[in-house]
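Observations on the three-dimensional arrangement
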Amino acid sequence: MAFVGRCPKPRCQGRGSLDPVILKHIGYPLRATECFSSSGTNRVALTPSRFDPHDPHPVAARHPSPCDARKTSLLPRGAEEQSSLSEGQSGDHAALGYRITRTRSVCLQVTSINNRTDHGMRIVLFSVLFVFFPCMAWSASPVEEAFFKKLHLRLMSRTFPSFHATWLPNQDFNEFEVHESVLGLDAGWSHFLGVSLRVEILRSAQPQSLFGIDGDSYIMRLQRAWGYGRYFLWIGWIEGRFGLIPDPWLDAVRPHYRMRGLRALLSESGDFFEQSDLGASVHFRAWKGALSVAFALTNGEGLNRAEQNTGKNSTVVLSLLPLRFLKHQPRLWGETVEVGLHATYRDGSIGISSASNHRIAAALTLTSRFVDIGIEYIYAMGWAQIADRNADGISAWLRAAFATRWIGAFCRYDRQNTNTALPDATRQRISVGLYSDLLDAHLLEGTQRFRLYLAYQYETQDKNTMPLPGIPLLAQAHRVMVLLSIYLDARFQQQPLPHS
Amino acid sequence: MMYSCFFYPPAFLRRRLCCLLLFASITSTGCSGSTPSPREAYIRQLLIEDNWMLLRRPSEPIEGQHRKLTEEKLRLMAQDLYAYFRGSVIIYLRDQTMLSGDTTPTAFGSAESGYISAVIDPHPENIGTYYATDGTLRIDFNDFDASMYAPFLFDVRRLILGYWIAAQSIGITEREKAAQDQIASSIAGAYFDEIMRLKAGGPPYKPRRDGTQSTVVEDLWNRAKRDGDANEDLLEYTRIEGNQRVMFHGTVEADSNGIIQDRTGPIDAEEQRLLREVLRTYPLTLSEPKRFSEGFFTWKAASQRFGAGVSSYPRLRYYILVEGPSKALEDDILLEVKEIAEPPALPGFVLFPKQTFRDNAERVVWMQKHLQEDTQNDPYLGFVALSPMVFRIRQRTKYQKNFSVARFREKYSEKKWSTEDLLAFSIEAGRLLARSHALAPTLQGEKGLSSIASTLENKRDAFVQEQRAFINAYGPRTYNDFLSLRNMLDTYGPSLGYRAAPWRF
């Protein structure tokens, strides 16, 4: 579908490959035409145009062209793991702008595709709009109209249904389950103010507990709820959050880890960090996101407890994406590569006795369309509510897509030491497997995902490891999993993106 | 141009940032205050976690009662070492699973013996008598509130710790300290021997009142027979007014140091409605419901009981008087309805399936029926779930009498009983525990005997030695924890500084 021509944007001198691209924009596919030239303005133009529904090959990505590599650079990064900054809202609009290299102009002509597969998504989107906007229109004054014109909304969901079969030395078990399901709504005004909400499902009874709701039903709870304000600067922006906010460390590393469906980061699954907490945070992101600094002040009790003590957790997170400093971002097999260096320190306390709960963590990540590599290390001074218990963990992962793009392999290794004062107190987990992206490749470039994992896990622990010291065999497990990782994202936005 | 590359916020933003940073620095200093020792902080946290639901429970059904009673429970634990031991099973279990510095990991764990039916809280005061339906007096473990599937060693060590604490509590003399050191050996050895005897095809240990048991057990049986025959429970908790029996509301045993010992009180209309519902559905869960005639469980009266137990001290407990086999006042039956809570959580302990029982009362009753000699111990044993609360029901009778450390202390000070009697009793307890573990089904369904026997086989000395090492390290630690609790109550107040979350809009 690639063709050569002149960029339709007035005054743009770009000549070269003009290629229709399918982009996800407001929840259903959009079509764009992009033009690359060696010089020109740094603006991105999003101008609607019509789409020919009779086009027999509407999806350019089905016919990969040499320009595919460049197309991905237009799309939000860290699409798999969502945070308000990296996954969308106005955060990824800014990121979108950043990713347009200043040495070439890119002109996009965007239009929606009138196909039949997006009806479900539209129903969701329009049902929200038809509730919200009629209320607005009912008594809209000119001022209010102006306000609502700058409003943008986003709906997201993340669901991981799975089937597990586990073999332990003296028992085996298999079950279907939904081990994570999240529904989110973001609403923002003119990219400066907004609110973000997430609800998640979980079993009403803890493991070993018989005290659930209607047996052990799934229930919903608030996972995150925060308001934010953002101030744009010449080199970036600064954002303040207030409410039930995501942990800044997880928020920094998650976008660079794309196998959450399989297992959360060791930082989270190893009980080192809580996914969200009540508090406030300030985030500063500059130089196209190459430098990010976050400072958070939170209760320290996590998601399911109110504050127990007067101390507050102070967390500082530094993220560097050094390749963004380069004029020409390097590519790997034709795809943009992102290298991330992340580090954090937390001065924390937990529980009514203010048990120390400090953390030091660092991570190195490399992400691209075809390959993800990462390693993280966490050191805990105070763990599991024991002030004098030190623990640490290291996790490494690799994901690689095969040439066909829609199939790939992965492996991950976790090693957690539950008591550094004792020898033989570690537990290990190895996960290997294959995955297949069931959605078309063009959608995967955005925040949509429909990925099927087939995984094998092997878990072992040493003799001094909790929960059953002295009986390491009890934790020696073989597990086979079939897991579906579904991400869906629907956005509505009236205003053009702000460009930095 | 260079200047513009650096971030220099406008004035209003600078001011706001400064305020924010100032606020952050002020509030974050709250982390570093006067910090207690890590162990003390850990105990405090666990005790609050264990009582959290009671401390924050709303004022149902009796206003303010739960928090007050929970504070009394903590005070009771701080007054008496044995009471502390009874109320701190969560600390014991966490120490076993988290492996604190001086806890000894076992060399006697196996995958096969990791999920046996466990009492979880076996200790001397949870051993008591029963008057079975076959007319025999028996002795058995009688508290299964925390019971669950777990490694058998959790129970063995808890039992050893219980006797060690009991010996400490009775004020054992220096001269007899050696006897205290023998407790671990006697219990571990008795447990081992009983398992091996059963493995060899021997009959299960079923102690009977034939004069061959220890002084302590014989004393229990004698008193149970005397008080049970006298229907003393009806005398204490009921009165006859005119031609009907009514509940007694008042003090049965005087309070001690502000702790309720034995007191009953009236119930309100809501509680009566709840208890009538309990009585309506409970007979369906009896082992042999057909043994009771129609009208047997006819409601007569009810009262609330205060001051029983340690762990369950603040929990709801009621007595219901029912008609019994005839309309005569002498054969009325007193049932105890006790609220059952969750067992202590063992983080990271994986069970398949995760929930074997529908509710906690079913768990407790099922475990009791399988860990005791048989279901004849208490024919009135049953349960009721009135979501979200669950209750276990049993007969309240003086035929059921528990061992009492206080009584042993009294006898010991009178020089009527000695540490030898305690050792003899501990051996009986070790055998009882072995029988319970061996004959009850494991999570996988088969009896626990073969898996435990294969784990222990031919290693008696090593097994005994390991348990001695455990109690030598963990016994003094428990004593120090008890002293810590006293300090903490002085420092943080009656609820250990727990603050209920304020009402929010």
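Worth saying up front: this structure is predicted, and the values here are computed from it rather than measured. (Residues numbered from 1 in each chain as written. Chains lettered and ligands numbered in written order. Predicted model: local features only at pLDDT ≥ 70, side-chain atom pairs only at ≥ 80, totals over all residues.)

**Section: the overall build of chain B**
So the rule is basically this: The secondary structure listing takes helices from DSSP runs of H or I that are at least 4 residues long and strands from runs of E that are at least 2 residues long, numbered from the N terminus. Here, residues touch in the contact sense if the C-beta positions derived from the backbone fall within 7 Å of one another.
Check the secondary structure of chain B and you find 16 helices and 13 strands. Of the contacts formed within chain B by residues at least 6 apart in sequence, a portion of 75% connects residues at least 24 apart.

**Structural notes on the nonpolar core**
The tendency in soluble globular proteins is for nonpolar side chains to be buried side by side. Worth spelling out the cut-off: Each nonpolar core reported here comprises buried Ala, Val, Leu, Ile, Met, Phe, Trp, Tyr and Cys residues connected via C-beta atoms within 7 Å. With C-beta atoms placed from the backbone, a residue counts as buried when 20 or more other C-beta atoms lie within 10 Å of its own, as exposed when 12 or fewer do, and as partly exposed for counts between those limits.
Judged by nonpolar contacts, the single largest core of 174 residues is most densely connected at B:I160, B:I187 and B:F391. At twelve residues, helix α7 (residues 152-169) of chain B tops the list of elements feeding residues into this core. Beyond its immediate stretch of four places on either side in the chain, B:I160 contacts B:I183, B:A184, B:I187, B:A188, B:Q467 and B:I471. If you look at the next biggest cluster of nonpolar residues, it comprises five residues, including A:L155, A:M156, A:Y487 and A:A490.

**Digging into unusual backbone geometry**
Each neighbour pair has its own omega, and for A:M466 with A:P467 the value is 10 degrees, a cis peptide bond. With phi around 50 degrees, A:S354 is a residue other than glycine that occupies positive phi space. When you line up the elements, A:S354 lands in the loop between β17 (349-350) and β18 (355-356). On the basis of neighbour counts, which here come to 25 C-beta atoms within 10 Å, the residue A:S354 falls in the buried class. Unusually for a residue other than glycine, B:N458 sits at a positive phi of about 60 degrees. Relative to the elements of secondary structure, B:N458 occurs in the loop between α15 (449-456) and α16 (460-492). With 8 C-beta atoms counted inside 10 Å, the residue B:N458 sits in the exposed group.

**Observations regarding the environment of A:Q308**
For A:Q308, the location among the structural elements is in the loop between β12 (291-298) and β13 (313-320). A sequence separation of 131 residues divides A:Q308 from A:L439, and the C-alpha atoms of the two residues are 46 Å apart.

**Concerning the packing of helix α8 (residues 177-199) of chain B against α16(B)**
Angle between the axes and distance between the axes: these two values describe a pair of packed helices. All names here are of chain B. For clarity, the cut-off: Each axis is a line fitted through C-alpha atoms, taken for helices only over the stretch in contact, and angles between the N-to-C directions span 0 to 180 degrees. Handedness of a helix crossing follows the sense of rotation of the near helix relative to the far helix, less than a right angle counterclockwise being left-handed and clockwise being right-handed.
Put simply, α8 and α16 touch, their axes get as near as 9 Å, and they point 145 degrees apart. Pair α8 / α16 crosses with right-handed handedness. Counting all contacts with α8, which are made through A184, S185, A188, G189 and F192, the residues of α16 involved are R460, F463, V464, Q467, R468 and I471.

**Description of the environment of B:P314**
Residue and element names in this part refer to chain B. Checked against the element boundaries, P314 lands in the loop between β9 (299-306) and β10 (317-322). Take P314: there are 24 C-beta atoms within 10 Å of it, and that puts it in the buried class. For the pair P314 and L137, spaced 177 residues apart in sequence, the C-alpha to C-alpha distance is 31 Å. Beyond its immediate sequence surroundings of up to four residues, P314 is in contact with L54, H66, L69, T70 and K73.

**Looking at the interface of chain A and chain B**
Rules: The nonpolar class holds Ala, Val, Leu, Ile, Met, Phe, Trp, Tyr, Cys and Pro. Asp, Glu, Lys and Arg form the charged class, and all remaining residues, Gly among them, are polar.
Each partner contributes to the interface: chain A provides 51 residues, whereas chain B provides 52 residues. For the side of chain A that touches chain B, the secondary-structure elements that each account for two or more residues are β7 (171-189), β11 (276-286), β12 and β21 (386-401) of chain A. Top element by residues in the side of chain A that touches chain B is β21(A). It accounts for three residues. Along the lines of polarity and charge, the residues of the side of chain A that touches chain B split into 30 nonpolar, 16 polar and five charged.

**A closer look at the sheet that holds β9(B)**
Residues and elements named next belong to chain B. Quick reminder of the rule: By this definition, two strands are paired if DSSP reports at least two bridges between them.
Reading across the sheet, the seven strands line up as β7-β8-β9-β10-β11-β13-β12 and stay open at both edges, with antiparallel pairing between neighbours. What marks the edges here is a single partner per strand, and that holds for β7 (250-253) and β12 (382-386). Adjacent strand axes in the sheet meet at a mean angle of 30 degrees when their direction is disregarded. In terms of strand pairing, strand β11 (residues 333-339) meets strand β13 (residues 389-395) through five bridges, oriented antiparallel. For K338, the partnering residue across the bridge sits in β13 and is R392.

**Section: the pairing of β12(B)**
Residue and element names in this part refer to chain B. Both β12 and β13 contribute to a ladder of five bridges, which runs antiparallel. What sits directly across from F383, in β13, is R392. Linking β12 to β13, which pair antiparallel, is a turn of two residues.

Keep in mind these numbers describe shape, not what the thing actually does.
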